[in-house]
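The chain contents come next:
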Amino acid sequence: MFDALTSPRDHRKQHSPHEAAEYLCAAGNTLFDYELIKTFLKYVAIYPLGTNVVLNTGYRGVVSNIFPEYPLRPVVRILQNPNGEVLKSPFEIDLRKEVNVTIVEAF
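All of the points below concern the structure found in this document. The shown structure was predicted, so the numbers you read here are calculated from the model rather than taken from an experiment.

Bringing the packing of aromatic side chains into the picture now. If you walk through the whole model with that rule in mind, you get two aromatic pairs. Between the aromatic rings of Phe2 and Phe40, the centroid separation amounts to 5.3 Å while the plane-to-plane angle is 65°, which identifies the pairing as edge-to-face. Here Phe40 lies in helix α3 (residues 34-42) and Phe2 lies in helix α1 (residues 2-5), a separation of 38 residues in the sequence. Take Phe2: its relative accessible area is 15%, and that puts it in the buried class. Geometrically, the ring pair formed by Tyr59 and Phe91 is edge-to-face, given 6.0 Å between the ring centres and 80° between the ring planes. Pair noted here: Tyr59 is in the loop between β1 (52-55) and β2 (60-65) and Phe91 is in strand β4 (residues 86-94), with a separation of 32 residues, a long-range link. By relative accessible area, Tyr59 is classed as partly exposed at 29%.

Printed below as a string of structure tokens:
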């Protein structure tokens, strides 16, 4: 299912890895065994190190640390403010601790 979601199809565009992972999690214990999904996501890098991301706060950065137990909640090194200006003092945000902050785009 993950491969099907992240591959382009004639009738739809491909989904990003994080969208596919969210779909699988939402389908846990309905379409798929949730423990199986958790195990799968531990071994698939949804946000590999160095992935550029945009947060729901508008900040832009790069994934600087990942956690197999929390594949959708990496540490992000913030490089640009919401206006697109490069920060003179980049900082890191741990998405495991900042539960209201999410990744909305990854490239």
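Attention now moves to unusual backbone geometry. Positive phi, close to 65°, is recorded for Asn29, a residue that is not glycine. As for its placement among the helices and strands, Asn29 is situated in the loop between α2 (17-26) and α3. Given a relative accessible area of 63%, Asn29 falls into the exposed group.

Another point: the nonpolar core. Membership of the largest hydrophobic core comes to 19 residues, with the highest contact counts inside it found for Val53, Leu55, Ile93 and Leu95. Here this core gets three residues from one element, more than from any other, and that element is α2. Leu55 has contacts with Ile78, Ile93, Leu95, Val101, Thr102, Ile103 and Val104, leaving out every residue within four places of it along the chain.

Okay, the pattern of salt bridges next. Inspection of every chain in the model, using the stated rule, returns two salt bridges. The closest approach of N and O atoms between Glu35 and Lys38, which form a salt bridge, is 3.4 Å. One end of the pair is Glu35 and the other is Lys38, both in helix α3 and three residues apart, which spans about a single turn. Relative accessible area serves as the criterion here: at 47%, Glu35 is assigned to the partly exposed category.

This next bit is on the sheet that holds β1. Taken together, five strands build an open sheet; the order of strands is β4-β3-β2-β1-β5 and the sheet is antiparallel. The open sheet has two free edges, formed respectively by β4 and β5 (103-106), since each of these has just one partner strand. With strand direction ignored, the average angle separating the axes of adjacent strands in the sheet is 35°. Judged from the three bridges that link them, β1 and β2 form a sheet pairing that is antiparallel. What sits directly across from Asn52, in β2, is Val62.

Rules of the game
- Residues numbered from 1 in each chain as written.
- Predicted model: local features only at pLDDT ≥ 70, side-chain atom pairs only at ≥ 80, totals over all residues.
- Heavy atoms only, no water.
- Phe/Tyr/Trp six-rings, centres within 6.5 Å; stacked < 30°, edge-to-face > 60°.
- Helix = DSSP H or I, 4+ residues; strand = E, 2+ residues; numbered from the N terminus.
- Buried < 20%, exposed > 50% of the residue type's maximum accessible area, 1.4 Å probe, protein only.
- Core = buried A, V, L, I, M, F, W, Y, C linked by side-chain atoms within 4.5 Å.
- Contact = heavy atoms within 4.5 Å.
- Salt bridge = Lys/Arg side-chain N within 4 Å of Asp/Glu carboxyl O.
- Pairing = 2+ DSSP bridges.
- Axes fitted to C-alpha atoms, helices over the stretch in contact; angles between N-to-C directions.

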